Amino acid sequence: MPRPLVTFTSDFGHDDWFVGVVHGVIHAVCPEARVVDLTHDIPPGHIARAAFVLEASARDFPPGTVHLAVVDPGVGTDRRPLAVRARGQLFVGPDNGLLEWGLADPGAEVHAVSERRYFRQPVSRTFHARDVFAPVAAHLARGETLGAFGARVADPVRLDRPRPRRVDGRLVGRVAFVDHFGNAITDLTEQDLSDAFPLIPETGLQVRVAGRLLRGLARAYGDAQVGTLLAIVGSSGRLEIAQVGGDVAERLGLGEGDEVAVGVGEA
């Protein structure tokens, strides 16, 4: 039997003991679990950023993976803890929109986590990642059924974010994430481009961003000279704006929410 797999995403950073303690609680409940840290560098309280990271990465894990995600400005309030089965995987986190990728699955099974017998006692007012979410994730990794944690709910909090739209023949999206290399990853997926421009090859598309017009989508970074601005479908399956050998976000002043438009001819 393969060892159970738990991913962990948070805004805890690496300067304190918080990430390590969560690992410890998971292993106390499920010693055989493998814990994969996706990132703990989410800006404090930035729920949308963490939701994007989870969406971009979860699909690369095998079925049955438990995804523990904690960005929880409402810790200690009456916001619900959730456990979700969706897309063949399991998700644990606060009911604040963070688990949007799972909740967006029409077949998602969503349960409020209310059975305190699964919690680490005493439950603190400020560290539910340790006391609530980590032990629940670990029990799921051990094979506990979803319904054991609490009643099914039909009204989880959904993340309110703009969707790509069609405007005068163009497909308009936004920068959703700037990665470590300064690449601006948009919310426009490869499928979005294919649906919007079904008969147009990638070389026939044009991308307008920050007042620049980029003609055609690149096949690889190495096809252009250092310093060249380009648009490319990256490893996450989304349109990215990049600078070969450089930081496009810094060069163009790009940040989350900035508009990106794709069209044929003059975008």
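Preceding this paragraph is the structure being described.
Residues numbered from 1 in each chain as written. Predicted model: local features only at pLDDT ≥ 70, side-chain atom pairs only at ≥ 80, totals over all residues. Heavy atoms only, no water.

## Description of the sheet that holds strand S1 (residues 5–10)
Judged by pairing direction, the sheet is mixed, and its six strands sit side by side in the order S2-S1-S3-S5-S4-S6 without closing on themselves. Single-partner strands in this sheet number two, and they are strand S2 (34–39) and strand S6 (109–112). Shown here is a sheet whose adjacent strand axes are inclined to one another by a mean of 20 degrees, direction ignored. Summarising the sheet, strand S4 (residues 81–86) and S6 pair through four bridges and their orientation is antiparallel. Counterpart to leucine 82 in the pairing with S6 is alanine 112. The strands touched by helix H4 (residues 128–141) are S1, strand S3 (66–70), S4 and strand S5 (89–94); relative to S3, the strand with the most contacts, the crossing angle is about 170 degrees. (Pairing = 2+ DSSP bridges. Helix = DSSP H or I, 4+ residues; strand = E, 2+ residues; numbered from the N terminus. Axes fitted to C-alpha atoms, helices over the stretch in contact; angles between N-to-C directions. Contact = heavy atoms within 4.5 Å.)

## Observations concerning unusual backbone geometry
The step from glutamine 121 to proline 122 runs through a cis peptide bond, and the omega angle for that step is -5 degrees. Positive phi, close to 55 degrees, is recorded for arginine 87, a residue that is not glycine. The topology assignment puts arginine 87 in the loop between S4 and S5. The residue aspartate 168 is not glycine, and still its phi comes out positive at about 50 degrees. Mapped onto the secondary structure, aspartate 168 falls in the loop between strand S7 (165–167) and strand S8 (170–178). Aspartate 168 gets classed as exposed once you look at its relative accessible area, which sits at 76%. (Buried < 20%, exposed > 50% of the residue type's maximum accessible area, 1.4 Å probe, protein only.)

## Quick notes on the pattern of salt bridges
Considering all chains together, one arrives at 14 salt bridges under this definition. Here arginine 79 and aspartate 72 are joined by a salt bridge, their closest N and O atoms 2.6 Å apart. Accessibility classification places arginine 79 together with aspartate 72 in one group, the buried group. Look at the salt bridges and you will find they share partners, linking Glu55, Arg161 and Arg238 into a network. (Salt bridge = Lys/Arg side-chain N within 4 Å of Asp/Glu carboxyl O.)

## Let's talk about the environment of arginine 120
Within the fold, arginine 120 resides in the loop between S6 and H4. On the basis of relative accessibility, which here comes to 34%, the residue arginine 120 falls in the partly exposed class. Non-local contacts of arginine 120, meaning those with residues more than four positions away in its chain, are made with Val25, Arg130, Asp131 and Pro135.

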